[in-house]
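Here's the letter readout for the chains.
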Protein chains: 4
Amino acid sequence: MELTTQKAQQIVEAAIKKSKELDVKMNIAVVDAGANLKSFVRMDGAWLGSADIAIKKAKTARYFDMNTGEIGKLSQPGGSLFNIEHSNDGLITFPGGVLIKDGNEIIGAIGISGSSVENDHEVATYASNA
Amino acid sequence: MELTTQKAQQIVEAAIKKSKELDVKMNIAVVDAGANLKSFVRMDGAWLGSADIAIKKAKTARYFDMNTGEIGKLSQPGGSLFNIEHSNDGLITFPGGVLIKDGNEIIGAIGISGSSVENDHEVATYASNA
Amino acid sequence: MELTTQKAQQIVEAAIKKSKELDVKMNIAVVDAGANLKSFVRMDGAWLGSADIAIKKAKTARYFDMNTGEIGKLSQPGGSLFNIEHSNDGLITFPGGVLIKDGNEIIGAIGISGSSVENDHEVATYASNA
Amino acid sequence: MELTTQKAQQIVEAAIKKSKELDVKMNIAVVDAGANLKSFVRMDGAWLGSADIAIKKAKTARYFDMNTGEIGKLSQPGGSLFNIEHSNDGLITFPGGVLIKDGNEIIGAIGISGSSVENDHEVATYASNA
């Protein structure tokens, strides 16, 4: 199944709804199966620098078909993927990037940035299931 | 007046509506007064390469406080601004980037890419007035 | 309140004055609320490479609305924001980037680079309050 | 003679004074003999996108030890330096970048951007002689 604009916008709306519940201000990015940007919103008052991070989290998740935090565990000093962040014009490997699936098929990814990584991940997970 | 998320999303929705009327598939980008990305949508089937163009059109319009096509008239070979496109990590200077105003105040810009420059400009103009 | 040129230049002058008191040679950068460069000075004899660092410190502070050293505490190996520096075309996350406020409103940021991070931060803090 | 901070700031002030006389809003950049940024100011209301252009004009002039408009004559289609703008992370080759000399010695360059290229060049020439 393709990640349609309608579906992407629903995911963004779900992320906004969850962010408001948590009283946080997020940058929200959705990419499709080709890791190309599909939808983006910066909530009012959200960090300017988190726009690029949200987009990079979404791309990173789809680039490697795993949530960003999983990659970050391996990219630490001494780890097997140390400094993988230098590839692909910059990866972000801490939590907040989550795959979007249709059943078992990966159809895209969402990246959230604007609060603690725990909140970023929570909003991303919630919205990816929307 | 600040360009709020709500306003930015209304502008995106207006651009989608106009694009459907014209039967074209667009990438739509909105930046705020600081030229920072606020909202983005790629319509189903729209060109992948137009995502970056839409974003650059919106930024270019706000960078110089004029519609992108106006800059393009001056950046031709022999023109006074020849090759200005090499600045700011890449400008796009053909039509499709239009300012968003609140009265006389510039509060952001919209960039549209995905069809002819005439259609791009028409959708951008329509949405900027939404 | 907008960060005017006059205000930005006063902040730069305050940074130069404090730097001379400390007998250090600094690069000084001021960005506005949109994280766009407003003023810059490299003092005589200051490190060439610190020009880019000062600009990146100012942008980084405004990108995340906190002093740069705060981000650096979280971006260490094993930290929650490890390698965040790869975003936004390069962040600088050690001390020396400080917010500029008008009351509670963030109107910009200053970045200082050219000495120890303690001195960088001291000059930035002094000038941001000027 | 070295282009000191004091001298650079005097040049910037002269550029601001001339800009106000012409009722234009400029971005003003000064580089030293090493083509490294020494001073920068964006006047209130000046175009955001002209910051990078002003810096690139100053660097371009010093890179090739001639005013930017001279290079632009050679970089046109069919010209001997066609598309030289692709080098050095982006050159700007229309008028507004002018050398700063001490007698016959080139000690730096100034770049001005924010109005017509005629005004940009006039302000740059005036300030470079200050």
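Above this text sits the structure in question.
The structure displayed is predicted, hence computed values, not measured ones. Counting restarts for each chain: residues are numbered from 1 in the order of the written sequence. To label them, take the chains in the order written and letter them from A, then take the ligands in the order written and number them from 1. Where local features are concerned, this predicted model is filtered to residues with pLDDT of at least 70; where side-chain atom pairs are given and counted, the filter is 80 or more; whole-chain, interface and lining totals use all residues. Heavy atoms throughout the structure, all of them, feed into the side-chain values; hydrogens and water do not.

Now for the interface of chain A and chain B. Taken together, the contact pairs 18 residues of chain A with 18 residues of chain B. Approximately 1,500 Å² of surface area, both sides summed, lies buried where chain A meets chain B, with 41% of it carried by carbon and sulfur atoms. One side-chain nitrogen of Lys or Arg within 4 Å of one carboxyl oxygen of Asp or Glu is enough to make a salt bridge. Counting the contacts that link chain A with chain B gives four salt bridges. Between Lys38(A) and Asp44(B) there is a salt bridge, with its nearest N and O atoms 2.9 Å apart. Polar contacts here mean pairs of N or O atoms no more than 3.5 Å apart (in protein, one a potential hydrogen donor and the other a potential acceptor; neighbouring residues in sequence count only if both atoms are side-chain atoms). Run the count over chain A and chain B and you get 15 residue pairs in polar contact (both at pLDDT 80 or more). Elements supplying a minimum of two residues to the side of chain A that touches chain B: α1 (5-22) and β2 (37-42) of chain A. Throughout, a residue-residue contact means that at least one pair of heavy atoms, one from each residue, lies within 4.5 Å. A simple way to read buried area is as the amount of 1.4 Å-probe accessible surface that goes missing from two parts once joined, with both sides added. The secondary structure listing takes helices from DSSP runs of H or I that are at least 4 residues long and strands from runs of E that are at least 2 residues long, numbered from the N terminus.

Residues and elements named next belong to chain C. For helix α2 (residues 50-64), which comprises 15 residues, the first-to-last C-alpha distance of 21 Å matches the rise-based estimate of 21 Å (1.5 Å per residue) to within 8%. For α2, the buried fraction is high: 12 of the 15 residues fall into the buried class. For every residue, the accessible area (1.4 Å probe, protein chains only) is compared with the maximum for its type, and the residue is labelled buried under 20%, exposed over 50%, or partly exposed between those bounds. What α2 keeps buried is the set Ser-50, Ala-51, Ala-54, Ile-55, Lys-56, Lys-57, Ala-58, Thr-60, Ala-61, Arg-62, Tyr-63 and Phe-64. A positive backbone phi angle near 50° is found at Asp-65, which sits one or two residues after α2. Under the convention used throughout, the expected extent of a helix is 1.5 Å for every residue step, that is, one less than its residue count.

The next point concerns the packing of α1(A) against helix α4 (residues 117-128) of chain A. Residue and element names in this part refer to chain A. Put simply, α1 and α4 touch, their axes get as near as 8 Å, and they point 140° apart. In terms of axis orientation, α1 runs oblique to α4. Note on packing geometry: the crossing formed by α1 with α4 is right-handed. Where α1 abuts α4, its residues Ile-11, Ala-14, Ala-15, Lys-17, Lys-18, Ser-19 and Leu-22 lie against Asn-119, Glu-122, Val-123, Tyr-126 and Ala-127. Throughout this entry, Asp, Glu, Lys and Arg are counted as charged residues, while Ala, Val, Leu, Ile, Met, Phe, Trp, Tyr, Cys and Pro are counted as nonpolar. The remaining residues, Gly among them, count as polar. In terms of residue class, the contact of α1 with α4 is built from seven nonpolar, two polar and three charged. Lines fitted to C-alpha atoms define the axes, with helix axes restricted to the stretch in contact, and inter-axis angles between N-to-C directions lie between 0 and 180 degrees. Roughly parallel refers to an angle under 35 degrees, roughly antiparallel to one over 145, roughly perpendicular to one between 65 and 115, and oblique to any angle outside these ranges. Each helix crossing is assigned a hand: it is left-handed if the near helix lies turned anticlockwise from the far helix by less than a right angle, otherwise right-handed if that turn is clockwise.

Each strand in a sheet pairs with its neighbour through backbone hydrogen bonds, running either in the same direction (parallel) or in the opposite one (antiparallel). Overall, antiparallel pairing links the eight strands, which are arranged β3(A)-β4(A)-β1(A)-β2(A)-β2(B)-β1(B)-β4(B)-β3(B) in an open sheet. Of all strands in the sheet, those bounded by a partner on one side alone are β3 (97-102) of chain A together with β3 (97-102) of chain B. Adjacent strand axes in the sheet meet at a mean angle of 20° when their direction is disregarded. At least two DSSP bridges between two strands are required for those strands to pair. Note: strand β1 (residues 27-32) of chain A against strand β4 (residues 105-113) of chain A, six bridges, orientation antiparallel. When the sheet's bridge partners are listed, Val31(A) is paired in β4(A) with Ala109(A).

This paragraph deals with the side chain of Lys18(C). In this structure, Lys18(C) sits in helix α1 (residues 5-22). Aside from chain neighbours lying at most four places away, what touches Lys18(C) is Glu122(C), Val123(C) and Tyr126(C).

Any residue with relative accessible area above 30% and no salt bridge may belong to a patch, with like charges joined within 9 Å and the nonpolar Val, Leu, Ile, Met, Phe, Trp and Tyr side chains within 5 Å. Methods summary: accessible areas were calculated by the Shrake-Rupley approach with a probe of 1.4 Å, and residue burial reflects only the protein chains presented. Only four residue types enter the tally: Lys and Arg on the positive side, Asp and Glu on the negative side; His and the chain ends are excluded. Note on charges: their place is set at NZ of Lys, CZ of Arg, CG of Asp or CD of Glu. Together, Asp89(A), Asp89(B), Asp89(C) and Asp89(D) give the surface a local cluster of negative charge. Residue placement: Asp89(A) occurs in the loop between α3 (68-74) and β3.

Opposite the 18 residues of chain C that make contact, chain A presents 20 residues. Together chain C and chain A conceal approximately 1,400 Å² of surface at their shared face, both sides included; 65% is due to carbon and sulfur atoms. The largest per-residue losses of area from chain C upon contact with chain A belong to Phe64(C), Phe82(C) and His86(C), which jointly make up 38% of the total buried on that side. Where chain C packs against chain A, one counts zero salt bridges. For the pair chain C and chain A, the number of links is nine residue pairs in polar contact (both at pLDDT 80 or more). In terms of residue class, the side of chain C that touches chain A is built from nine nonpolar, seven polar and two charged.

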